[in-house]
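# Working through the structure, step by step
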Amino acid sequence: SGEEGEGDWEGREPEAYGKLVRVAMEESLEDLEALRLFDVIEDDGFGRPLLLVMGCRLDTWVMEMNRVLMLFVRLMHDVSRAPYSVVYFNSNVGWRNQPGFAFFASNYGVLPARYKKNVEHLSIVHPGMWVRSMFLLLRPILSAKFWSKLHYADRLDELWLDDVIQKDVFRA
């Protein structure tokens, strides 16, 4: 029944995650915060927090990806305790903006199961071949439930036309 690791999502967290949270909360990440790679909006129009991820602002050739992960954890540690939505903008993304398969595969297991379980929707705006390929490569470690949460949007308006988020979210 359900997702892998579902039974441990409520109380226990992987030891590596606890260490990552402690370091993330202490680390100076102002340089990454200034780039606005991630933005958390209080309400997606359905009462859930919304994480916006701007792929074009991630430069994997110069950024330390472990610091990017720390910033993500710093923002999402509390948000991930309840249902939330994610919109990843893949617009204007080139090779420099694309973390490799090894980054995702090695960090997937570090995050507690609640990060995966509480994602209501993961929408990707302007998905390219790299994004689609990455999800296919990750298929062996992604649950069947995950695929029901994934939404590709070739146009921004598909997010509200498909009732993933409300249109007014972007008018702030």
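Quick notes on the rules
Once a new chain begins, its residue numbering starts again from 1 and follows that chain's sequence as written. Predicted model: local features are reported for residues with pLDDT of at least 70 only, side-chain atom pairs are reported and counted for 80 or more only, and whole-chain, interface and lining totals are derived from all residues. Where side-chain values are given, they derive from all heavy atoms of the structure, hydrogens and water being excluded. A run of H or I in DSSP becomes a helix once it reaches four residues, and a run of E becomes a strand once it reaches two; helices and strands are each numbered from the N terminus. Radius of gyration here uses only the C-alpha atoms, and the compact-globule reference equals 2.2 Å multiplied by the residue count raised to the power 0.38. A 1.4 Å probe rolled over the protein chains alone gives each residue an accessible area, and that area as a share of the maximum for its type sets the label: buried under 20%, exposed over 50%, partly exposed in between. The axes used here are C-alpha line fits, helices contributing only the stretch in contact, and every angle between their N-to-C directions lies in the interval 0 to 180 degrees. Here is the rule for angles: anything less than 35 degrees is roughly parallel, anything more than 145 is roughly antiparallel, 65 through 115 is roughly perpendicular, and the remaining ranges are oblique. Two helices that cross are described as forming a left-handed crossing if the nearer one is turned anticlockwise from the farther one by less than a right angle, and a right-handed crossing if clockwise. Note on contacts: a residue pair qualifies if any of its non-hydrogen atoms lie within 4.5 Å across the two residues. Asp, Glu, Lys and Arg are counted as charged, while Ala, Val, Leu, Ile, Met, Phe, Trp, Tyr, Cys and Pro are counted as nonpolar; the rest, among them Gly, fall into the polar class. Only centres within 6.5 Å qualify two rings of Phe, Tyr or Trp (six-membered ring in Trp) as a pair; their planes then separate them into stacked at under 30 degrees, edge-to-face at over 60, and tilted for everything else. The criterion is that NZ of a Lys, or CZ of an Arg, lies within 6 Å of the ring centre and within 35 degrees of the ring normal, and then a charge sits over that ring. Residues grouped as a nonpolar core are buried Ala, Val, Leu, Ile, Met, Phe, Trp, Tyr and Cys residues, joined through side-chain atoms within 4.5 Å.

With that settled, consider the overall build of the chain. Secondary structure summary: the chain contains eight helices and five strands in total. The C-alpha atoms of the chain give 16 Å as radius of gyration, which agrees with the globular expectation for 172 residues (16 Å, within 12%). Across its three principal axes, the chain shows a C-alpha extent of roughly 40 × 40 × 35 Å. Within the chain, buried positions represent 45% of all 172 residues.

At a minimum axis separation of 11 Å, helix 4 (residues 101-108) and helix 6 (residues 129-138) run at an interaxial angle of 45 degrees. Accordingly, the angle class assigned to the pair helix 4 and helix 6 is oblique. Crossing hand, helix 4 versus helix 6: right-handed. For the pair helix 4 and helix 6, contact is made by Phe101, Phe104 and Ala105 and by Trp130, Met134, Leu137 and Leu138, respectively. Within the contact of helix 4 with helix 6, the residues separate by chemical class into seven nonpolar, no polar and no charged.

This part covers the packing of aromatic side chains. Considering all chains together, one arrives at six aromatic pairs under this definition. Centre to centre, the rings of Phe72 and Tyr115 are 5.9 Å apart; their planes meet at 45 degrees, and the pair counts as tilted. With Phe72 in helix 3 (residues 65-79) and Tyr115 in helix 5 (residues 113-117), the pair connects residues that are 43 residues apart, well separated along the chain. Residues Phe72 and Tyr115 agree in their burial class; the two are buried. One aromatic cluster is present, built from ring pairs that chain together Tyr17, Phe38, Phe72 and Tyr115. We note Arg132 situated over the ring of Tyr152; from NZ or CZ to the ring centre the distance is 4.4 Å. The aromatic ring of Trp147 is capped on one face by Arg139, whose charged end is 4.6 Å from the ring centroid.

The biggest cluster of nonpolar side chains holds 39 residues, and the ones touching the most others in it are Phe38, Val68, Phe72, Val73, Tyr115 and Phe135. Of all the elements in the fold, those that place two or more residues in this core are helix 1 (15-26), strand 2 (50-54), helix 3, strand 3 (84-89), strand 4 (119-125) and helix 6. Element by element, the count of residues in this core is highest for helix 3, at nine residues. Setting aside chain neighbours within four positions, we find Phe72 in contact with Phe38, Leu51, Leu111 and Tyr115. Residues Phe89, Val125, Ala153 and Val164 belong to the second largest nonpolar core, which totals 12 residues.

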